[in-house]
Protein chains: 2
Amino acid sequence: MMTKPQRKNNPDAVRARLLECAARLIVDHGLPALTLENVAREAGVSKGGLLHHYPGKTALIDGLFEEVVDWFDARVEDVLESDENRQARFSRAYLRVVAAIDMSVPEEKRLAVLMLMLSSDPHYCARWNQWVEARLQRHAETDLTPIARTLRLAADGLWLSDLGGGPDSHTPVRREILAFLETLDATGARTSSRPHEGGQ
Amino acid sequence: MMTKPQRKNNPDAVRARLLECAARLIVDHGLPALTLENVAREAGVSKGGLLHHYPGKTALIDGLFEEVVDWFDARVEDVLESDENRQARFSRAYLRVVAAIDMSVPEEKRLAVLMLMLSSDPHYCARWNQWVEARLQRHAETDLTPIARTLRLAADGLWLSDLGGGPDSHTPVRREILAFLETLDATGARTSSRPHEGGQ
DNA sequence: TAAAACATACCGTCTGGACGGTTTTTATGC
DNA sequence: GCATAAAAACCGTCCAGACGGTATGTTTTA
């Protein structure tokens, strides 16, 4: 027997569905497709139902933003801990998480949402920068080198390419790039590993 | 005396002003600020006047897109030709152009528009990919290596960082990254320069 | 029975764009 | 040259639809 078969309403599931549908809408049809009506219809609730859970469009987007950031943060933390090499740990984890994203998996598509929100709204951009800089501060010993920064920069590029299906988003090419970047990481560690603080 | 002081109408100038104002509106206040009325007011014409030159909003955006791409293309071509080193010529030029962008110069701000359009609309994303792939095909001999791809990826990351004022957009850090990437370019050329075609 | 979880109906605003004018420029005939 | 017709440039108004949000119900859960 199921755990809760007699329960008709499941607000938590509805909220999750709302967020998921919002993400899918954005990724598949762009930001203008993110309307309250669309999200509600996709999630199988009425607009009133949606506004009950998220009192306004900004609340919905905020919820989506935080969920995606948390998801990304958790994955980075996970990859980070299972890495013995300390050199540029955070940035390498950052890159690996981005590289591991498979856009054909709807679950992972939602990260693309982040990219969209970042580039469109200065507000979320600032909040994202806050997250990055907090992590950068925590890993100041290992992730302030040019190599580390390059890894993250390349990750962002890969990320953007994924979003638009660019020439670098195809599996074989991407695999090669990744391999190169990991090599770069190893060699770069020897080349210039001095962490420099507070330039200027 | 001026060349054409007696001419009251100057449609070409109006069209240019329209595009410029559209770009500024997007960069300064985000995409939702791009309304026909706003653009028309900023450009000092009526909405009817705008619709005379660009029959519809999509036409306006299309015009803006093409102008910015052309601008970027011209600069890349320019940097490209004045580079004796053949290794990853196109990708290095791509990087240098992006790196040279000064967001405090309004003229160069408009490149940010491209980034916004790319990440928001799948349609323009495809058109951008078309451009990149065309250039990639033209420079197939030099720019299909992982290093070349990495340069462009990093450029995109830098670009995105510029748009949002991320931690890598500050001058000293950026300068360091750039220096590193140029070094990487030189060393990488020796490491693995074999062009591989048609993976899969 | 009170509150949470929904649905339905409705409203105000904004925006793209159609439409019919008016003025300016250009092309044409003489 | 010059009148004049035609085309291009431009303006102001109006409208239909979309969208965010409110207000008010109805059902389910605690």
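Residues numbered from 1 in each chain as written. Chains lettered and ligands numbered in written order. Predicted model: local features only at pLDDT ≥ 70, side-chain atom pairs only at ≥ 80, totals over all residues. Heavy atoms only, no water.

By the naming in an unreviewed UniProt entry, chain A is TetR family transcriptional regulator, taken from Hoeflea alexandrii.

Some points on the overall build of chain A
Scanning chain A for helices and strands turns up nine helices and zero strands. Considering chain A as a whole, with its 200 residues, one finds that 50% of them fall into the buried category. For chain A, long-range pairs separated by at least 24 residues make up 67% of all intrachain contacts whose partners lie at least 6 apart in sequence. Total accessible area on chain A is roughly 9900 Å²; 51% of this is exposed by carbon and sulfur atoms. (Helix = DSSP H or I, 4+ residues; strand = E, 2+ residues; numbered from the N terminus. Buried < 20%, exposed > 50% of the residue type's maximum accessible area, 1.4 Å probe, protein only. Contact = heavy atoms within 4.5 Å. Areas by Shrake-Rupley, 256 points an atom, 1.4 Å probe, with all protein chains shown as cover.)

What to know about the interface of chain B and chain A
Facing the 35 residues of chain B at the interface are 36 residues of chain A. For the chain B face of the interface with chain A, the top three residues by lost area are B:Ser119, B:Leu153 and B:Phe180, together amounting to 18%. The tally of links from chain B across to chain A stands at four salt bridges. Ionic pairing is found between B:Arg149 and A:Asp168, a salt bridge with its closest N-O pair at 2.8 Å. At the junction of chain B with chain A, the criterion picks out four residue pairs in polar contact (both at pLDDT 80 or more). Here the residues of the side of chain B that touches chain A sort into 20 nonpolar, nine polar and six charged. (Buried area = accessible area lost by both parts, 1.4 Å probe. Salt bridge = Lys/Arg side-chain N within 4 Å of Asp/Glu carboxyl O. Polar contact = N/O pair within 3.5 Å; in protein donor to acceptor, adjacent residues only side chain to side chain. Nonpolar A, V, L, I, M, F, W, Y, C, P; charged D, E, K, R; others polar.)

A few points about the UniProt feature "DNA-binding region" (unreviewed entry) in chain A
Per the UniProt annotation, the sites labelled "DNA-binding region" (unreviewed entry) are residues 35–54 of chain A. As annotated, residues 35–54 of chain A comprises 75% helix and 0% strand, and the C-alpha atoms at either end are separated by 13 Å. (UniProt positions renumbered as here; feature names shortened; annotations may be inferred.)

Quick word on the environment of A:Ile61
All names here are of chain A. Checked against the element boundaries, Ile61 lands in helix 4 (residues 57–81). Between the alpha carbons of Ile61 and Leu19 there is a distance of 8.4 Å; along the sequence they are 42 residues apart. Those residues within four positions of Ile61 in sequence are excluded, and the remaining contacts are Leu34, Met117 and Tyr124.

Section: the packing of helix 6 (residues 106–120) of chain A against helix 7 (residues 122–138) of chain A
All names here are of chain A. Running from amino to carboxyl end, helix 6 crosses helix 7 at an angle of 115°, the nearest separation of the two axes being 5 Å. Relative to helix 7, helix 6 is oriented roughly perpendicular. Relative to helix 7, helix 6 is oriented so that their crossing is left-handed. Contact residues: Leu114, Met117, Leu118 and Ser120 in helix 6; Pro122, Tyr124, Cys125 and Trp128 in helix 7. (Axes fitted to C-alpha atoms, helices over the stretch in contact; angles between N-to-C directions. Parallel < 35°, antiparallel > 145°, perpendicular 65-115°, else oblique. Left-handed = near helix turned anticlockwise from the far one by under 90°.)

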